[in-house]
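Results of the structural survey
Here's the letter readout for the chains.
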Amino acid sequence: MHPGLALLLLALQGVPEARPGGVPFDIYFKPAWTSSCSIAGGPSEIRFESASGDATNDDMQVMAAWPDGRSVDLGMKPGLFPPTEGSAGLDRGCKGIGVTVPNRQLVVLWLKRDDRPLNGRLALVLLDINRLRVLDVINNVGELIGDGPCLTHGGAGPYETVLYDGGADDDPNRRPRIMRIDVVGERLRLAWAGYVSKTTLLGGCFHP
């Protein structure tokens, strides 16, 4: 073997395999991980744990925990929920996931659900932090374009993100589309809006 090739192979052995977003393989498929939060009156942690101890089984359960020991199961369909980077535009209330705050009582958690070998899917949870109640869960909002949840228009809501509206991965004609997300009463309301002809990658997010 050529000496240079041998050195290259040795170097590559020390580089952890990475998943989308540059997250190392051993972190992306970690069987349990905790997202630390700083939300006024809200949970201090969001906990992700594989029921089998093997995250590749897509069997993670998700819990929200408060500093006083109270906790609530977020009621999500089991899956693989890796930590994400580049959630620019979100309030960044929890590490590795997205958070938006419609008002002092409600928070919306934005999670990536792995859908390998396809792109990840956006999942949403509407949480009442005063009553420690899960009000609504949408396990599959649509196909993510970037490596994680991305807010393109926010404030107190309605929120807008850009997702793929169907179509095959290798379809050169498929275009991103705006998804509007609003909180109406105690429910999340989704509505597709116009297609986006051109997008620019900005801070980990695709902006129209």
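All values derive from a computational prediction rather than experimental measurement.

Cut-offs and rules
- Residues numbered from 1 in each chain as written.
- Predicted model: local features only at pLDDT ≥ 70, side-chain atom pairs only at ≥ 80, totals over all residues.
- Heavy atoms only, no water.
- Pairing = 2+ DSSP bridges.
- Helix = DSSP H or I, 4+ residues; strand = E, 2+ residues; numbered from the N terminus.
- Axes fitted to C-alpha atoms, helices over the stretch in contact; angles between N-to-C directions.
- 1 Å grid on protein atoms, 1.4 Å probe; cavity = no way out; pocket = protein on both sides within 12 Å on 5 of 7 lines; lining within 4 Å.
- Points joined across faces, edges and corners; volume = space filled by probe spheres on them.
- Nonpolar A, V, L, I, M, F, W, Y, C, P; charged D, E, K, R; others polar.
- pLDDT = per-residue confidence, 0-100.
- Contact = heavy atoms within 4.5 Å.

1. Let's talk about the pairing of strand 3 (residues 60-65)
Bridge count between strand 2 (residues 45-50) and strand 3: six bridges; the pairing is antiparallel. If you follow isoleucine 46 over to strand 3, its bridge partner there is alanine 64. As paired strands, strand 3 and strand 4 (residues 71-73) are joined by three bridges and run antiparallel to one another. The residue of strand 4 that forms the bridge with alanine 65 is serine 71. Where strand 3 folds back onto strand 4 in an antiparallel hairpin, the turn is made up of five residues, including glycine 69, whose phi is positive at roughly 100°.

2. A few points about the sheet that holds strand 11 (residues 187-195)
Across the sheet, which stays open at both edges, the seven strands sit in the order 5-6-7-8-9-10-11 with antiparallel pairing between neighbours. The open sheet terminates on both sides in strands that have one partner only, identified here as strand 5 (98-100) and strand 11. Direction aside, neighbouring strands of the sheet carry axes that sit 30° apart on average. Where strand 5 and strand 6 (residues 106-113) come together, three bridges link them in antiparallel fashion.

3. A closer look at the layout of surface pockets
There is about 160 Å³ of room inside the largest pocket. If you trace the largest pocket, you find it lined by Asp58, Lys77, Pro78, Gly79, Leu80, Arg113, Asp114, Asp115, Arg116, Arg121, Asn139 and Asn140. Looking at the lining of the largest pocket residue by residue, the classes come out as two nonpolar, three polar and seven charged.

4. Quick word on the pairing of strand 8 (residues 133-144)
As defined by bridge partners, strand 7 (residues 121-128) adjoins strand 8 across seven bridges and the pair is classed as antiparallel. When the sheet's bridge partners are listed, arginine 121 is paired in strand 8 with glutamate 143. Of the strand pairs in this sheet, strand 8 and strand 9 (residues 159-164) are connected by two bridges, and their pairing is antiparallel. Across the sheet, glutamate 143 pairs through a bridge with tyrosine 164, a residue of strand 9.

5. A word on the confidence of the model for the protein
Low-pLDDT portions of the prediction should not be read for the details of their coordinates. With 77% of its residues at a pLDDT of at least 70, the protein reaches an overall mean of 82. The low-confidence segment residues 1-18, where pLDDT is below 50, has nine contacts with residues more than four positions distant or belonging to other chains.

6. Thoughts on the sheet that holds strand 2
Taken in spatial order, the four strands make up an open sheet running 1-2-3-4, and their pairing is antiparallel. The sheet is open, and its two borders are formed by strand 1 (32-36) and strand 4, each paired with just one other strand. Taken over all neighbouring pairs, the strand axes of this sheet differ in orientation by 20° on average, direction set aside.

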